[in-house]
2 protein chains.
Amino acid sequence: MLLSTKGEYGVRCMLDLAIHYGQGPISIRDISKREGISKNYIEQLFVRLRHAKLIKSVRGPKGGYLLISQPRRIKIGDVVRALEGPIAAIRCVQPQNSKDLCERISTCVLYILWKRLTDKINEVLDSTTLEGLCREGMKLSKHRLAHPLPFQI
Amino acid sequence: MLLSTKGEYGVRCMLDLAIHYGQGPISIRDISKREGISKNYIEQLFVRLRHAKLIKSVRGPKGGYLLISQPRRIKIGDVVRALEGPIAAIRCVQPQNSKDLCERISTCVLYILWKRLTDKINEVLDSTTLEGLCREGMKLSKHRLAHPLPFQI
DNA sequence: ACAAATCTGACTAATTTTGTCAAGTATAAA
DNA sequence: TTTATACTTGACAAAATTAGTCAGATTTGT
Ligand code: FES
Ligand code: FES
């Protein structure tokens, strides 16, 4: 699997924030209820997202989290990378420490393949924004008017 | 990371077999030396590859492993899936057991994204064959004639 | 018989994942 | 000013996965 629950849940939470964009701070408690993800775990994810400057926090009562910029400006790739670290097919394409380095990169035919795959993955993730997902979701929900929310997550 | 060392090393070994295709059985000992991967670990990987009918074995002295079909017939996707199981962006796209299932698939806007990403990944992996890699490798080695092998792994 | 090789299953240390928990700090509202 | 709300931080830990290792059994060419 490319993503762990960190990435999966984190993107879900960011989409939740995007849906409620412009409505003031959204509390973790509310997100937790809607998405069915543990409050404590969301806190952990939001540490990373805040550190990556994708969200900001408001403390105190009526506080919560907000997207730091418009949903149209936030690429899913940014969210995923903030949560999971660099996305790559194998280690040597995005080396994190010295032991990830291959010495034969310049002549390695497989490196070319893994690099091509890595680029494709990031391309897909970076060609989708939170706003794009919101729009797709609204289109989906038009076909199922019974549902109370604008669309399901 | 999309692939663990199982996938990374396994593809390396399969490419090694492809390079020596038509030269009779190749022993794990030789592959281990060339690729710098533990003999014991390669044995484990080859269990999966044999079970997936990608390689066959010849026992006894002068024995070893051979590709079961021509390098042009073997897609990297087949190799990777044999080693790592189904390749997917997140669990619910290729559910392995009941707890991987999401109940909201039909209305989930994120499922659409993860599915698109998963398809793209498999598309890249399935559009490359072992022969393709061999050819690319030979092209690379033409530019570095000093090297003893046809090309480096 | 012997040696070269595959084959099998058990075992394990290290790491990552998937969280939980407790004790803080900041602040808006009463 | 008090209080309740909500973010913040760091520690902790069970479970799963990764990345192998190892011992022994089996097969077979010479
Ligand atoms: S696998 Fe890293 S350079 Fe070949
Ligand atoms: S994440 Fe599985 S259906 Fe939405």
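For the structure, see preceding data.
Figured I'd write up the structure that's included with this text. All of these numbers come straight from a predicted model, not from anything done at the bench.

### Brief notes about the overall build of chain A
Thinking step 1. Looking only at helices and strands, chain A features six helices and two strands.
Thinking step 2. Projected onto its principal axes, the C-alpha positions of chain A cover 55 × 40 × 25 Å.
Thinking step 3. Across chain A, contacts joining residues at least 24 apart in sequence account for 63% of those joining residues at least 6 apart.
Thinking step 4. Carbon together with sulfur atoms contributes 51% to the accessible area of chain A, which is approximately 8,000 Å² in total.
Thinking step 5. Of note, chain A has its 26 positive side-chain charges centred 4 Å away from the centre of its 14 negative side-chain charges.

### What about the protein's contact with DNA strand D?
Thinking step 1. The environment of DNA strand D is formed by 26 residues, the closest being Arg50, Ser57 and Tyr65 of chain A together with Ser38 and Pro61 of chain B.
Thinking step 2. Within 4 Å of the protein, the atoms of DNA strand D are drawn from sugar and phosphate moieties in a proportion of 67%.
Thinking step 3. Measuring from a base oxygen of DNA strand D, one finds a side-chain N or O atom of Gln44 of chain B at 2.9 Å.
Thinking step 4. At 3.0 Å from a base oxygen of DNA strand D is found a side-chain nitrogen or oxygen belonging to Arg59 of chain B.
Thinking step 5. For the surface near DNA strand D, the elements supplying multiple residues, two or more each, are helix H2 (28-35), helix H3 (39-51), strand S1 (55-58) and strand S2 (64-67) of chain A together with helix H1 (5-19) and helix H3 (39-51) of chain B.
Thinking step 6. For the surface near DNA strand D, a count of residues per class yields eight nonpolar, 11 polar and seven charged.

### As for the protein's contact with DNA strand C
Thinking step 1. Around DNA strand C, a shell composed of 27 residues is seen, among which Ser38 and Arg59 of chain A together with Ile28, Ser57 and Tyr65 of chain B lie nearest.
Thinking step 2. In this structure, a base oxygen belonging to DNA strand C sits 2.7 Å away from a side-chain N or O atom of Arg59 of chain A.
Thinking step 3. Between a phosphate oxygen of DNA strand C and a side-chain N or O atom of Arg50 of chain B, the distance comes to 2.9 Å.
Thinking step 4. Counting only elements with at least two residues in the surface near DNA strand C, the list comes to helix H1 (5-19) and H3 of chain A together with helix H2 (28-35), H3, strand S1 (55-58) and strand S2 (64-67) of chain B.
Thinking step 5. With four residues, H3 of chain B is the single largest residue contributor to the surface near DNA strand C.
Thinking step 6. The residue makeup of the surface near DNA strand C, split by class, is seven nonpolar, 12 polar and eight charged.

### Points about empty space enclosed by the protein
All names here are of chain B.
Thinking step 1. All chains considered together, the criterion is met by two cavities of 30 Å³ or more.
Thinking step 2. Quantified by volume, the second largest cavity comes out at close to 30 Å³.
Thinking step 3. Around the second largest cavity, the lining residues are Leu17, His20, Tyr21, Gly22, Gly24, Ile26, Tyr65, Leu66 and Leu67.
Thinking step 4. Top element by residues in the lining of the second largest cavity is S2. It accounts for three residues.

### Brief notes about the pattern of salt bridges
Thinking step 1. A full pass over the atoms with the stated rule returns 20 salt bridges over all chains.
Thinking step 2. The partner of Arg116 of chain B in a salt bridge is Glu136 of chain A, with the nearest N and O atoms 4.0 Å apart. One end of the pair, Arg116 of chain B, is in helix H5 (residues 109-126); the other, Glu136 of chain A, is in helix H6 (residues 130-142), on a second chain.
Thinking step 3. One salt bridge connects Arg81 of chain B with Asp126 of chain B, and the closest N-O pair in it is separated by 2.8 Å. Of this pair, Arg81 of chain B sits in helix H4 (residues 76-84) while Asp126 of chain B is found in helix H5, placing the two residues 45 residues apart along the sequence.
Thinking step 4. Note on Arg81 of chain B: relative accessible area 25%, which makes it partly exposed.
Thinking step 5. Among the charged side chains, a salt-bridge network with shared partners connects Glu8, Arg12 and Glu35 of chain A together with Arg91 of chain B.

### A few points about unusual backbone geometry
Thinking step 1. Positive phi, close to 65°, is recorded for Lys62 of chain A, a residue that is not glycine.
Thinking step 2. A residue is classified by how much of its surface remains accessible, and Lys62 of chain A, at 78% relative accessible area, is exposed.

### A word on H2 of chain A
All names here are of chain A.
Thinking step 1. Turning to H2, its buried residues number three or more, namely Ile28, Ile31, Ser32 and Glu35. Along the long axis of H2, the arc covered by the buried residues comes to 100°, so they all point the same way. The outward face of H2, more than 90 degrees from its buried face, is lined by the exposed residues Arg29 and Lys33.
Thinking step 2. Against H1, H3 and S2 lie the buried residues of H2.

Calculation criteria
Residues numbered from 1 in each chain as written. Chains lettered and ligands numbered in written order. Predicted model: local features only at pLDDT ≥ 70, side-chain atom pairs only at ≥ 80, totals over all residues. Heavy atoms only, no water. Helix = DSSP H or I, 4+ residues; strand = E, 2+ residues; numbered from the N terminus. Contact = heavy atoms within 4.5 Å. Areas by Shrake-Rupley, 256 points an atom, 1.4 Å probe, with all protein chains shown as cover. Lys, Arg positive; Asp, Glu negative; His and termini not counted. Charge placed at Lys NZ, Arg CZ, Asp CG, Glu CD. Near = heavy atom within 4 Å. Polar contact = N/O pair within 3.5 Å; in protein donor to acceptor, adjacent residues only side chain to side chain. Nonpolar A, V, L, I, M, F, W, Y, C, P; charged D, E, K, R; others polar. 1 Å grid on protein atoms, 1.4 Å probe; cavity = no way out; pocket = protein on both sides within 12 Å on 5 of 7 lines; lining within 4 Å. Points joined across faces, edges and corners; volume = space filled by probe spheres on them. Salt bridge = Lys/Arg side-chain N within 4 Å of Asp/Glu carboxyl O. Buried < 20%, exposed > 50% of the residue type's maximum accessible area, 1.4 Å probe, protein only. Arc of directions from axis to C-beta.

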